[in-house]
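Architecture and fold: a report
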Amino acid sequence: MAVHDACLARNDAPILRSFARMTKDRAKALVSAGLRRSSCDRGLERLAKAGGCSKRTLEKAQAAESLPSFEVLLNMLDEDPSILDEALRAKGWQILPIAGVPADDFELQHAACDFTSEFSLALIDRVRTHDETMKIGPKASRLLPGLVSVVTDWARLRGAD
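Treat the numbers as computed from the prediction; the structure is a model and nothing was measured. Position numbers for residues start from 1 in each chain and track the written sequence from start to end. Selection of residues for local features in this predicted model requires a pLDDT of at least 70, selection of side-chain atom pairs for listing and counting requires 80 or more, and totals for whole chains, interfaces and linings are taken over all residues. The side-chain figures draw on all heavy atoms in the structure; neither hydrogens nor water molecules are used.

1. A closer look at the nonpolar core
Take the buried residues of types Ala, Val, Leu, Ile, Met, Phe, Trp, Tyr and Cys, join any two whose side-chain atoms come within 4.5 Å, and each joined set is a nonpolar core. Burial classes follow relative accessibility: with a 1.4 Å probe on protein chains only, a residue under 20% of its type's maximum area counts as buried, one over 50% as exposed, and anything between as partly exposed. Formed by 16 residues in total, the largest nonpolar core has its most connected members in V31, L35, L58, M76, I83 and L84. Looking at this core, the elements with two or more residues in it are α2 (24-42), α3 (44-51), α4 (55-62) and α5 (70-76). Only heavy atoms matter for contacts: two residues are in contact if any of them lie within 4.5 Å across the pair. Ignoring sequence-local partners within four residues, the contact set of I83 consists of G34, L35, R37, S38, L47, L73, M76 and L77. Strands here mean DSSP runs of E at least two residues long; helices mean DSSP runs of H or I at least four residues long; both are numbered from the N terminus.

Encoded structure:
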């Protein structure tokens, strides 16, 4: 996939739990895809600085020649919390920051209304089919970070934090 294509690609694939073994080549390809996508918005220099590595390390990772070390990938999460999405989704996982990310309330409201509308249509016959699940799953997945932020704000305000 060209870097330009990675910039245009949105990771809206539903998250399905997979117990298939991840090969090293597949892991490299998926981490590479996340790095290409993220570098379109942030630039390699910025990601390298966040990761504490060289730009060359990330260029090699983008080309799927090698994987950055685990601590580099963890440090890059501070710059882009979605940098590992492609790799994690392939195994059926998604990570969210514990503290949440600041929610854009209007975007969250729009996403929630969009999900509720689609979900209501899916349940009009009181049965949610696999096709309907595939359609509404990505919309539900996109709501999670914003909802975590609202719950985190609520917990902090009531003094539970």
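2. Observations concerning the side chain of S32
By the secondary structure assignment, S32 is in helix α2. Whenever two N or O atoms come within 3.5 Å, that pair is a polar contact, provided that in protein one can donate a hydrogen and the other can accept it, and provided that, for residues adjacent in sequence, both atoms are side-chain atoms. Only 2.7 Å separates the side chain of S32 from the side chain of R36, close enough to count as a polar contact. With near-sequence residues (within four places) excluded, S32 lies in contact with A61, Q62, A63 and A64.

3. Overview of unusual backbone geometry
The backbone phi angle of A64 is positive, close to 60°, even though this residue is not glycine. Structurally, A64 is set in the loop between α4 and α5. If you check the backbone angles, R126 has positive phi at about 70° while not being a glycine. Here R126 is to be found in the loop between α7 (105-122) and α8 (130-157).

4. Details of α8
Across its 28 residues, α8 extends 39 Å between first and last C-alpha, which sits within 8% of the 40 Å expected from 1.5 Å per residue. A residue's bend is the angle separating two fitted axes: one through the seven residues that end there, the other through the seven that start there. Considering bend angle alone, the principal kink of α8 is centred on L144 and spans about 35°; proline P145 follows within four residues of it. What α8 keeps buried is the set I136, P138, K139, S141, L143, G146, S149, T152 and A155. Here the buried face of α8 lies against α6 (85-90) and α7. One or two positions beyond α8, positive phi appears at G159, with a value near 90°. In a helix, the anticipated span is given by 1.5 Å times the number of residues less one.

5. Some thoughts on the environment of V150
Here V150 shows up in helix α8. Judged by its relative accessible area of 39%, V150 is partly exposed. Taking the C-alpha atoms as reference points, V150 and D105, separated by 45 residues in sequence, lie 9.0 Å from one another.

6. What to know about the packing of α2 against α3
Running from N to C, α2 and α3 point in directions that differ by 110°, and their axes come no closer than 7 Å. Relative to α3, the element α2 lies roughly perpendicular. Where α2 abuts α3, its residues L35, S38, S39 and R42 lie against L44, R46 and L47. Considering only residue class, the contact of α2 with α3 consists of 3 nonpolar, 2 polar and 2 charged. Fitted lines through C-alpha atoms give the axes, limited to the stretch in contact for helices. The angle between two N-to-C directions lies from 0 to 180 degrees. Oblique is the label for any angle not under 35 degrees, not over 145, and not in the 65 to 115 range, which are roughly parallel, roughly antiparallel and roughly perpendicular in turn. When residues are sorted by character, Ala, Val, Leu, Ile, Met, Phe, Trp, Tyr, Cys and Pro go into the nonpolar class, Asp, Glu, Lys and Arg into the charged class, and all the rest, Gly among them, into the polar class.

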